[in-house]
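Analysis of the macromolecular model
Residue-level listing of the chains:
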Amino acid sequence: MSDPIRTERHGDVLHIVSDNPPVNALGASVRQGLERGIREAMGDDDVKAVVIRCDGRTFFAGADITEFGKPPVGPMLPDVCDLIEACDKPVVAAIHGTALGGGCEVALACHYRIAVPSAKLGLPEVKLGLIPGAAGTQRLPRLVGAQAALPLVVTGDPISARKAQEIGLLDAVVEGDLAEEATAFVRSKVGQPLPRTSQMNRNEDGVRNPAIFDDFRKQAGRKLHGFDAPNAAIEAVRAAGELPYAKGVERERELFMKLMMGTQSAAMRHYFFAERAAAKIEGVSGDVPLIPVNKVGIIGAGTMGGGIAMNFLSAGIPVTILEVEQAALDRGTGVIRKNYEATARKGRMTADQVEQAMGLLSPTLSYDDLAGCDLVIEAVFEDMAIKKEVFRRLDQVVKDGAILASNTSYLDIDEIARSTARPGYVLGLHFFSPANVMRLLEVVRGAETRDDVLATAMALAKTIGKVAVVSGVCDGFIGNRMLAKRQEQANALLMEGAKYWEVDEVMLDFGFPMGPFQMADLAGTDIGWHRDPSRVESVRDALCAAGRFGQKAGKGFYDYDETRQRKPSDEVEAIIADFAAREGRPQRSITADEIRERLLYPMVNEGALILDEGMAQRASDIDVVWINGYGWPLYTGGPMFWADTVGLTKVVEGLERHGLPVSDYLRRKAEAGERLTR
Ligand code: T1G
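The rules we used
Residues numbered from 1 in each chain as written. Predicted model: local features only at pLDDT ≥ 70, side-chain atom pairs only at ≥ 80, totals over all residues. Heavy atoms only, no water. Near = heavy atom within 4 Å. Polar contact = N/O pair within 3.5 Å; in protein donor to acceptor, adjacent residues only side chain to side chain. Areas by Shrake-Rupley, 256 points an atom, 1.4 Å probe, with all protein chains shown as cover. Domains from an automatic or database assignment. Pairing = 2+ DSSP bridges. Helix = DSSP H or I, 4+ residues; strand = E, 2+ residues; numbered from the N terminus. Contact = heavy atoms within 4.5 Å. Axes fitted to C-alpha atoms, helices over the stretch in contact; angles between N-to-C directions. Core = buried A, V, L, I, M, F, W, Y, C linked by side-chain atoms within 4.5 Å. Buried < 20%, exposed > 50% of the residue type's maximum accessible area, 1.4 Å probe, protein only. Salt bridge = Lys/Arg side-chain N within 4 Å of Asp/Glu carboxyl O.

1. Notes on the site of the ligand
- In the vicinity of the ligand lie 27 residues, with R57, A63, E105, E125 and R276 positioned nearest.
- At 2.8 Å from an oxygen atom of the ligand is found a side-chain nitrogen or oxygen belonging to E125.
- G133 has a polar backbone atom sitting 2.8 Å from an oxygen atom of the ligand.
- About the coverage of the ligand: the protein hides 74% of its 1000 Å² of free accessible area.

Here's what the structure looks like:
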């Protein structure tokens, strides 16, 4: 492996250049090269100034996450940063791409920082359950002030070069050749006092007004709920204003190590790689030729069809959307416009961008207008006969080689494919509602789906900002198949005496955004209802018969006030008690532990079955599905990583104790002392 760091002489300026694809991660050899380069500069009188820059697509994008958990190899990044700052000649960081985490900390240790306009800078460690660990929480506030430092350190979101210049993180944004601009810039600083960020004190704002820390925590609200790192990040930034630099660094190290050793960081690092692994299709080479998708057709302009269309319109891909009658078509396109205008009102889009997106939308009542589409996505009523008729017509009208996809959430893709003469070009694209918001996309691979069709769908998913996971054809694919197991137990618990609000509370305490009965009220308790109020065969039938359709009716399992605050309902409690009496189940109070085990362990078991049947490519894919599609708390890593954290033996023992099925796959893994995830 060639040395990723080289030095170049540009007259009396030494360039230390990293070429460590794909993102110039600050692995051991990079740190060693940086140290060598700085020592070369300090030891040579002909060198008057230093530029630190990177080849490839980006400046250092952070520490090398693959090194975490392995025996450390020196020099450690904080020491390299201290050496850079101690250099007796001006050092400038020349930034392009994304200077993130340790990369931003290297830049902070330099005396100056310049960047191209497209560059971004950030400290995303909290997204890995960490905080910056190379004095970033101590140097940044001293350079830009506590108020400006807080969002960067606590949210982990990067900022643009312009914004970075505004807050003082960048000294200049340069248009020309970055290497040349950096040489000229740093040469102009020769002979001037060296601005060392560790010795600055622009974070007096935090000292004068310590309320900013609690204010920031309150303003961040629920988003930080359950995560350890953001609070640690706030404490570290506060320490920068309260302690001398060296003590502040010690405090940062203490907070960093506690997080690094914790399960949340392990879970979030697992998720970082899981999301990237999900994009890879086992057995299909990364360079299979993709089918160009320049025009998309959508069948159905309802909630799902409209939301799906927005994903492509927002990515600049023209969409022809078809409905069976004009009123439905007008309603659908009206909702799309309304959604865009709402986004514009929140400042996340300009009026021009709304018109641009709407200008790419072609509503139609005629299948003939779909002939030239490269991909058509069906989003009609969840009825196999209707879907087959749609696909039969599409097969006749749409050009050869075009992909035909169904948005079905559970119907058999192979059966749909067989209703066409092009089963190789048929697959499932299961979007999650609201389709223009939820990041998850289950890409359902039929028995005959071609590799290039599947690879095209996975690449297209990235283009429209989705996190795609390949699923096999089974009832409910990955997410809903596991959700059904949780729902089964949630309903059973009600018949045994658990209160529905207790069940929801357990899920909320675990970290879900809502529990199963809150979800039912949000989605509507009348989904799939037979609409005959005289036919009451289930609790849901009884709720619908009583007009308790959920939040939209102001009452479902819960009663809702005008601010949608929920309150348990005596009427519902009586309905449930009546059904429980009919089932003749003995009533008992049920502990939160039992509720949690009975809701989540069967999901783990179903995930194990999904893996055993090959319906998911890898356990981490299942984690990606549940974190992005159902709000499984990221800081536990997803159902499979969480089960590994709990211990598979404990999960198996819990399932058996509650009389619930244990799959062979799960039992084998537990008995072998193995994990579901790597
Ligand atoms: N370490 C190791 N590998 C990394 C990496 C990293 N920091 N970042 C990316 N990769 C790999 C990634 O796994 C993928 O590999 C390939 O690079 C392309 O990534 C001390 C402790 C930079 C915005 O959190 O946000 O510094 O799948 O597909 O979409 O305080 O990567 O090809 O084999 O994501 O163009 C802080 C994490 C670390 C940044 C580029 N830094 N990376 O996005 O490509 S902790 C981060 C990203 C730290 C210090 C602390 C993104 C990106 P493969 P990609 P992309």
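2. A short note on the domain arrangement of the protein
- As assigned here, the protein comprises domain 1 (5–261), domain 2 (296–477), domain 3 (499–582) and domain 4 (592–671).
- Taking only C-alpha atoms into account, the centre of domain 1 sits 43 Å from that of domain 2.

3. With respect to the sheet that holds strand β2 (residues 13–18)
- Across the sheet, which stays open at both edges, the six strands sit in the order β1-β2-β3-β4-β6-β9 with mixed pairing between neighbours. At either margin of the open sheet sits one strand with a lone partner, and together these are β1 (5–10) and β9 (172–173).
- Looking at chain direction, strand β6 (residues 112–115) and β9 are connected through two bridges and run parallel. When the sheet's bridge partners are listed, I114 is paired in β9 with A172.
- Packed onto the sheet, helix α7 (residues 178–187) meets β1, β2, β3 (49–54), β4 (91–95), β6 and β9 and runs at close to 155° relative to β4.

4. Some details on the side chain of E496
- Along the chain, E496 turns up in the loop between α19 (479–495) and α20 (500–510).
- A distance of 3.5 Å separates polar atoms of two side chains, one belonging to E496 and the other to R585.
- Ignoring anything within four residues of it in the chain, the contact list for E496 reads R585, P586, Q587, R588, I590 and R598.

5. Notes on the nonpolar core
- Within the largest apolar cluster, 86 residues are counted, with the highest numbers of intra-cluster contacts made by I52, F59, I95 and L169.
- Beyond its immediate sequence surroundings of up to four residues, I95 is in contact with F59, A107, I114, A115, V116, A119, L121, L170 and L178.
- Judged by nonpolar contacts, the second largest core, of 68 residues, contains V503, M507, V572 and V651.

6. Details of the pattern of salt bridges
- The final tally for this structure, using the stated rule, is 58 salt bridges.
- Residue D395 is joined to R422 by a salt bridge in which the shortest nitrogen-to-oxygen separation is 2.8 Å. Linking D395 in helix α16 (residues 384–397) with R422 in the loop between α17 (413–417) and β15 (426–431), this pair joins segments that are 27 residues apart in sequence. Accessibility classification places D395 together with R422 in one group, the buried group.
- Residue R657 is joined to E597 by a salt bridge in which the shortest nitrogen-to-oxygen separation is 3.2 Å. Of this pair, R657 sits in helix α27 (residues 648–657) while E597 sits in helix α24 (residues 592–612), and the two are 60 residues apart along the sequence.
- Its relative accessible area of 47% is what places R657 among the partly exposed residues.
- The network of salt bridges with common partners includes E496, E583, R585, R588, E594 and R598.

7. A word on the sheet that holds strand β8 (residues 159–160)
- Taken in spatial order, the three strands line up as β5-β7-β8 in an open sheet, and their pairing is mixed. Each edge of the open sheet carries a strand with a single partner, namely β5 (98–100) and β8.
- Of the pairings in the sheet, the one linking β5 to strand β7 (residues 120–122) comprises three bridges and is parallel in character. Across the sheet, the residue bridging to T98 is K120, located in β7.
- Helix α3 (residues 102–109) contacts β5 and β7 of the sheet and is inclined by roughly 90° relative to β5.

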